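Summary of the model geometry
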Amino acid sequence: MASSTVRVDLDGKPINQLTICMIGAGGFIGSHLCEKILNETQHKILALDVYNDKIKHLLEPDSLSWAGRIQFHRINIKHDSRLEGLIKMSDLTINLAAICTPADYNTRPLDTIYSNFVDALPVVKYCSENGKRLIHFSTCEVYGKTIGSFLPKDSPLRQDPAYYMLKEDASPCIFGSIEKQRWSYACAKQLIERLVYAEGAENGLEFTIVRPFNWIGPRMDFIPGVDGPSEGVPRVLACFSNALLRREPLKLVDGGESQRTFVYIKDAIEAVLLMIENPSRANGHIFNVGNPNNEVTVRQLAEMMTAVYANVSGEPALEKPTVDVSSKEFYGEGYDDSDKRIPDMTIINRQLGWNPKTSLWDLLDSTLTYQHKTYAEAIKKVMSQPTTS
Ligand SMILES: NC(=O)c1ccc[n+]([C@@H]2O[C@H](COP(=O)([O-])OP(=O)(O)OC[C@H]3O[C@@H](n4cnc5c(N)ncnc54)[C@H](O)[C@@H]3O)[C@@H](O)[C@H]2O)c1
Ligand SMILES: O=C(O)[C@H]1O[C@H](OP(=O)(O)OP(=O)(O)OC[C@H]2O[C@@H](n3ccc(=O)[nH]c3=O)[C@H](O)[C@@H]2O)[C@H](O)[C@@H](O)[C@@H]1O
């Protein structure tokens, strides 16, 4: 239930009610952000998306206490004349819309570039021309590879943070060659960041850029063959969850040696709410939002998810819980990878005083509990059907 007491920002000033135009509100992050805003604040949300399956519980029934504070608009921002009007009606626009699953970057590079750069152009333009604040979702992938990844494998400098810490106002963006079309997404995100930044510098656009570092939790992507295409390839949490639910080995791309830091979605949206409600501290900044304490290799993630799932489901792990696959086999031609993603937290600590709280084990426990509760029965049904030859 949203509190009716006056809420104050980090500087003790009362927070006025906002109307927020949230583009991509129907997605993984958007659905959690809508929940938090409706449950904890008095703000209003214009939720724009092509789909609303993940926010249906927030839209129905009409008797919900926040019913008057969220409106869903089924809009594809690629070509919808209603977009500018909705941005003009709002105090703040949050743009989450993107194609953001790596399986698409090297197989649908044009769609990926259009989605992450071209389609975002009118959003930036309308915000700038109408003097509206913009929070734009980029990605930690704009850092690409670490400087250390170019050192000899046994170089001690690889342990030096100067060679792997990713810092918003200092680290370069290092991508593979053009043939490695995996980087179509990161490069599109980098260019839209530069455009937003330039609109701020030249035309006074009030902006905040968010670089999420592998946010994971319930409602991320889909389970192939249940609530997504059977041949779909979601991000790693859903891929591994799907394998666990089907009691199949988890596939480790190129041996699962890449490293990631994972942050619980519930911690991460706390950071976003701080950005929303502290414009004087957030405007003009790019923020890493991640959990540097939760670093694992993909192989370690697979082992941890296998152990957590055995606890959650009560089913023993497979004898052979993982299998190595080549990136070419799994993703196709043009794949490449980030070797390591550790966020420097200096700026977000200084500006917003935010730090993540949830350990990787705990976030996997709550997420796999959700996955098992939501999908176990459906998977059994799908697996009992005769496979079409
Ligand atoms: N989840 C993460 O860990 C993560 C990490 C880095 C960056 N991001 C970025 O955060 C944003 C949200 O990511 P997510 O994980 O919620 O992804 P998601 O795919 O779950 O959500 C994206 C939403 O945008 C909508 N959308 C896409 N194109 C649209 C269009 N043309 N018009 C209207 N709606 C459109 C989709 O329908 C979807 O609901 C993306 O910009 C993504 O690049 C996410
Ligand atoms: O979440 C983020 O911060 C960013 O990371 C993701 O990129 P990535 O982390 O590479 O995406 P995943 O699909 O989650 O893959 C993570 C790692 O697991 C590996 N993987 C994935 C799936 C699988 O079944 N097996 C496997 O080994 C991948 O090769 C990769 O090394 C996506 O690009 C975006 O959501 C976002 O920009």
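Residues numbered from 1 in each chain as written. Chains lettered and ligands numbered in written order. Predicted model: local features only at pLDDT ≥ 70, side-chain atom pairs only at ≥ 80, totals over all residues. Heavy atoms only, no water.

Going by the annotation in an unreviewed UniProt entry, the name recorded for the chain is UDP-glucuronate decarboxylase, with Salix purpurea given as the source organism. A UniProt comment under Sequence similarities (unreviewed entry) is attached to the chain, and it reads "Belongs to the NAD(P)-dependent epimerase/dehydratase family." The Cofactor (unreviewed entry) field of the UniProt record for the chain holds the comment "NAD(+)". (UniProt positions renumbered as here; feature names shortened; annotations may be inferred.)

A closer look at helix α11 (residues 298-313)
Compared with the 22 Å implied by 1.5 Å per residue over 16 residues, the 22 Å span of α11 between its first and last C-alpha is a close match. Those residues of α11 not exposed but buried are Val298, Leu301, Ala302, Met305, Thr306, Val308, Tyr309 and Ser313. Downstream of α11 by a residue or two, Gly314 has a phi angle that is positive, lying close to 75°. (Helix = DSSP H or I, 4+ residues; strand = E, 2+ residues; numbered from the N terminus. Expected span 1.5 Å × (residues − 1). Buried < 20%, exposed > 50% of the residue type's maximum accessible area, 1.4 Å probe, protein only.)

What about empty space enclosed by the protein?
Gaps left between atoms show up when a probe the size of a water molecule is rolled over them. Applying the stated rule across the entire model yields one cavity of 30 Å³ or more. Space inside the largest cavity adds up to approximately 100 Å³. What lines the largest cavity is a set of 14 residues, among which Leu244, Arg247, Tyr309, Ala317 and Leu318 lie closest to the centre. Residue assignment for the lining of the largest cavity shows that the elements contributing at least two residues are α8 (236-246) and α11. Element by element, the count of residues in the lining of the largest cavity is highest for α11, at four residues. (1 Å grid on protein atoms, 1.4 Å probe; cavity = no way out; pocket = protein on both sides within 12 Å on 5 of 7 lines; lining within 4 Å. Points joined across faces, edges and corners; volume = space filled by probe spheres on them.)

Structural notes on the site of ligand 1
Around ligand 1, the structure places 25 residues, and the nearest of them are Phe28, Asp49, Tyr185, Lys189 and Trp215. One of the backbone nitrogen or oxygen atoms of Ile29 is found 2.9 Å away from an oxygen atom of ligand 1. Residue Lys189 places a side-chain N or O atom 2.9 Å away from an oxygen atom belonging to ligand 1. When ligand 1 sits alone it has 820 Å² of accessible area, and the protein chains cover 89% of it. (Near = heavy atom within 4 Å. Polar contact = N/O pair within 3.5 Å; in protein donor to acceptor, adjacent residues only side chain to side chain. Areas by Shrake-Rupley, 256 points an atom, 1.4 Å probe, with all protein chains shown as cover.)

A look at the site of ligand 2
By nearness alone, 26 residues border ligand 2, and Thr139, Glu141, Tyr185, Lys251 and Asp337 come closest of all. At 2.9 Å from an oxygen atom of ligand 2 is found a side-chain nitrogen or oxygen belonging to Arg182. Within the contact set of ligand 2, an oxygen atom lies 2.7 Å away from a backbone nitrogen or oxygen of Asn214. Taking 700 Å² as the accessible area of ligand 2 by itself, protein coverage stands at 96%. Among the secondary structure elements, those contributing two or more residues to the shell around ligand 2 are α4 (102-105), α8, β9 (250-253) and α12 (327-331).

Some remarks on the UniProt feature "domain: NAD-dependent epimerase/dehydratase" (unreviewed entry) in the chain
Those residues carrying the UniProt feature "domain: NAD-dependent epimerase/dehydratase" (unreviewed entry) are residues 20-290 in this numbering. In residues 20-290, the share of helix is 35% and the share of strand is 18%. The end C-alpha atoms are 24 Å apart.

A word on the packing of α8 against α11
The geometry of α8 relative to α11 is characterised by a closest axis approach of 11 Å and an angle of 45° between their N-to-C directions. Between α8 and α11, the angle is such that the two are oblique. In this structure, the crossing between α8 and α11 has a hand that is right-handed. Within the contact between the two elements, α8 uses Val236, Leu237, Phe240, Ser241, Leu244 and Leu245 and α11 uses Val298, Leu301, Ala302, Met305, Thr306 and Tyr309. Here the residues of the contact of α8 with α11 sort into 10 nonpolar, two polar and no charged. (Axes fitted to C-alpha atoms, helices over the stretch in contact; angles between N-to-C directions. Parallel < 35°, antiparallel > 145°, perpendicular 65-115°, else oblique. Left-handed = near helix turned anticlockwise from the far one by under 90°. Contact = heavy atoms within 4.5 Å. Nonpolar A, V, L, I, M, F, W, Y, C, P; charged D, E, K, R; others polar.)

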